[in-house]
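Summary of the model geometry
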Amino acid sequence: KQVVKNEETGGKDVEPQASVSWSMSIPPNTIGAVIGKRGSVIKSLEAMEGVSRVLLQTDPVKSKYKVLEVTGNTSAVVHVLSKVEGIVKSTNGMK
(Lines give C-alpha, C1' and ligand atoms only; values in the text may rest on other atoms or scores of the structure.)
Protein backbone atom coordinates (compact mmCIF):
# COMPACT_ATOMS: atom_id res chain seq x y z
CA LYS A 1 0.00 0.00 0.00
CA GLN A 2 1.50 3.32 -1.07
CA VAL A 3 0.84 6.41 1.05
CA VAL A 4 1.77 10.06 0.72
CA LYS A 5 4.19 11.00 3.49
CA ASN A 6 2.98 12.86 6.57
CA GLU A 7 4.93 16.08 6.01
CA GLU A 8 3.29 16.50 2.59
CA THR A 9 -0.25 16.02 3.88
CA GLY A 10 -0.31 17.94 7.12
CA GLY A 11 0.33 14.90 9.30
CA LYS A 12 -2.07 12.48 7.62
CA ASP A 13 -1.14 9.24 5.85
CA VAL A 14 -3.39 8.97 2.80
CA GLU A 15 -3.45 6.89 -0.36
CA PRO A 16 -2.28 8.87 -3.42
CA GLN A 17 -5.46 8.16 -5.42
CA ALA A 18 -7.93 9.08 -2.66
CA SER A 19 -10.04 12.13 -3.51
CA VAL A 20 -9.30 15.03 -1.17
CA SER A 21 -9.82 18.77 -0.93
CA TRP A 22 -7.26 21.03 0.72
CA SER A 23 -6.92 24.77 0.93
CA MET A 24 -4.30 27.36 1.70
CA SER A 25 -4.34 31.09 2.34
CA ILE A 26 -2.73 33.30 -0.32
CA PRO A 27 -1.27 36.65 0.83
CA PRO A 28 -2.48 39.74 -1.07
CA ASN A 29 0.95 40.55 -2.53
CA THR A 30 1.19 37.12 -4.20
CA ILE A 31 -2.31 36.71 -5.63
CA GLY A 32 -1.30 38.01 -9.08
CA ALA A 33 1.58 35.54 -9.32
CA VAL A 34 -0.67 32.64 -8.30
CA ILE A 35 -3.30 33.62 -10.89
CA GLY A 36 -0.76 34.39 -13.63
CA LYS A 37 -1.14 36.54 -16.72
CA ARG A 38 -4.69 36.02 -18.04
CA GLY A 39 -5.13 33.20 -15.53
CA SER A 40 -2.33 31.12 -17.02
CA VAL A 41 -1.05 29.69 -13.72
CA ILE A 42 -4.50 28.78 -12.37
CA LYS A 43 -5.42 27.23 -15.74
CA SER A 44 -2.23 25.13 -15.76
CA LEU A 45 -2.97 23.93 -12.22
CA GLU A 46 -6.52 22.98 -13.20
CA ALA A 47 -5.21 21.07 -16.22
CA MET A 48 -2.89 18.85 -14.16
CA GLU A 49 -3.76 15.17 -14.21
CA GLY A 50 -5.66 14.15 -11.10
CA VAL A 51 -6.92 17.66 -10.27
CA SER A 52 -10.69 18.01 -10.49
CA ARG A 53 -11.10 21.59 -9.21
CA VAL A 54 -9.05 24.68 -8.34
CA LEU A 55 -11.00 27.49 -6.70
CA LEU A 56 -9.69 30.89 -5.60
CA GLN A 57 -12.01 32.96 -3.42
CA THR A 58 -11.89 35.70 -0.79
CA ASP A 59 -10.79 34.54 2.65
CA PRO A 60 -13.77 35.05 5.00
CA VAL A 61 -11.44 35.85 7.94
CA LYS A 62 -8.76 37.97 6.22
CA SER A 63 -10.61 39.88 3.51
CA LYS A 64 -7.47 40.97 1.61
CA TYR A 65 -6.28 37.36 1.37
CA LYS A 66 -7.58 34.68 -0.97
CA VAL A 67 -8.16 31.02 -0.21
CA LEU A 68 -6.99 28.53 -2.81
CA GLU A 69 -8.93 25.26 -2.63
CA VAL A 70 -7.70 22.29 -4.64
CA THR A 71 -9.69 19.07 -5.10
CA GLY A 72 -8.49 15.87 -6.73
CA ASN A 73 -6.48 12.78 -5.97
CA THR A 74 -4.07 13.18 -3.07
CA SER A 75 -0.81 13.14 -4.99
CA ALA A 76 -2.07 15.76 -7.48
CA VAL A 77 -3.38 18.03 -4.72
CA VAL A 78 -0.09 17.79 -2.81
CA HIS A 79 1.79 18.61 -6.02
CA VAL A 80 -0.40 21.67 -6.76
CA LEU A 81 -0.17 23.02 -3.21
CA SER A 82 3.59 22.53 -3.23
CA LYS A 83 3.85 24.39 -6.54
CA VAL A 84 1.70 27.27 -5.24
CA GLU A 85 3.71 27.41 -2.02
CA GLY A 86 6.84 27.81 -4.16
CA ILE A 87 5.22 30.66 -6.10
CA VAL A 88 4.23 32.40 -2.86
CA LYS A 89 7.73 31.99 -1.38
CA SER A 90 9.50 33.21 -4.51
CA THR A 91 7.16 36.21 -4.80
CA ASN A 92 7.94 37.08 -1.18
CA GLY A 93 11.69 36.73 -1.83
CA MET A 94 12.03 33.59 0.31
CA LYS A 95 13.89 30.45 -0.71
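For the structure, check the block above.
In this text, all values refer to a predicted model and were calculated from it rather than measured experimentally.

Take the side chain of N73 next. When you line up the elements, N73 lands in strand 3 (residues 66-73). For N73, a relative accessible area of 15% translates into the label buried. Here the side chain of N73 touches A76 through a polar contact of 2.9 Å, landing on its backbone nitrogen.

Here we come to the packing of aromatic side chains. Tallied over the entire structure, the rule returns zero aromatic pairs. Between K62 and the ring centre of Y65, over which it is positioned, the NZ or CZ distance is 4.9 Å.

A separate point is the pattern of salt bridges. Opposite charge on two side chains allows them to pair when their charged atoms are near. Within this structure, the stated rule accounts for one salt bridge. For E69, the salt bridge goes to R53, with nearest N and O atoms at 2.4 Å. In this pair, E69 is assigned in strand 3 and R53 in strand 2 (residues 51-58), connecting sequence segments 16 residues apart.

Here we take up the environment of M24. Residue position: M24 is located in strand 1 (residues 19-26). Since its relative accessible area comes to 18%, M24 is described here as buried. M24 has contacts with K66, V67, L68, L81, V84 and E85, leaving out every residue within four places of it along the chain.

Basis of the calculations
- Residues numbered from 1 in each chain as written.
- Predicted model: local features only at pLDDT ≥ 70, side-chain atom pairs only at ≥ 80, totals over all residues.
- Heavy atoms only, no water.
- Helix = DSSP H or I, 4+ residues; strand = E, 2+ residues; numbered from the N terminus.
- Buried < 20%, exposed > 50% of the residue type's maximum accessible area, 1.4 Å probe, protein only.
- Polar contact = N/O pair within 3.5 Å; in protein donor to acceptor, adjacent residues only side chain to side chain.
- Phe/Tyr/Trp six-rings, centres within 6.5 Å; stacked < 30°, edge-to-face > 60°.
- Lys NZ or Arg CZ within 6 Å of the ring centre and 35° of its normal.
- Salt bridge = Lys/Arg side-chain N within 4 Å of Asp/Glu carboxyl O.
- Contact = heavy atoms within 4.5 Å.

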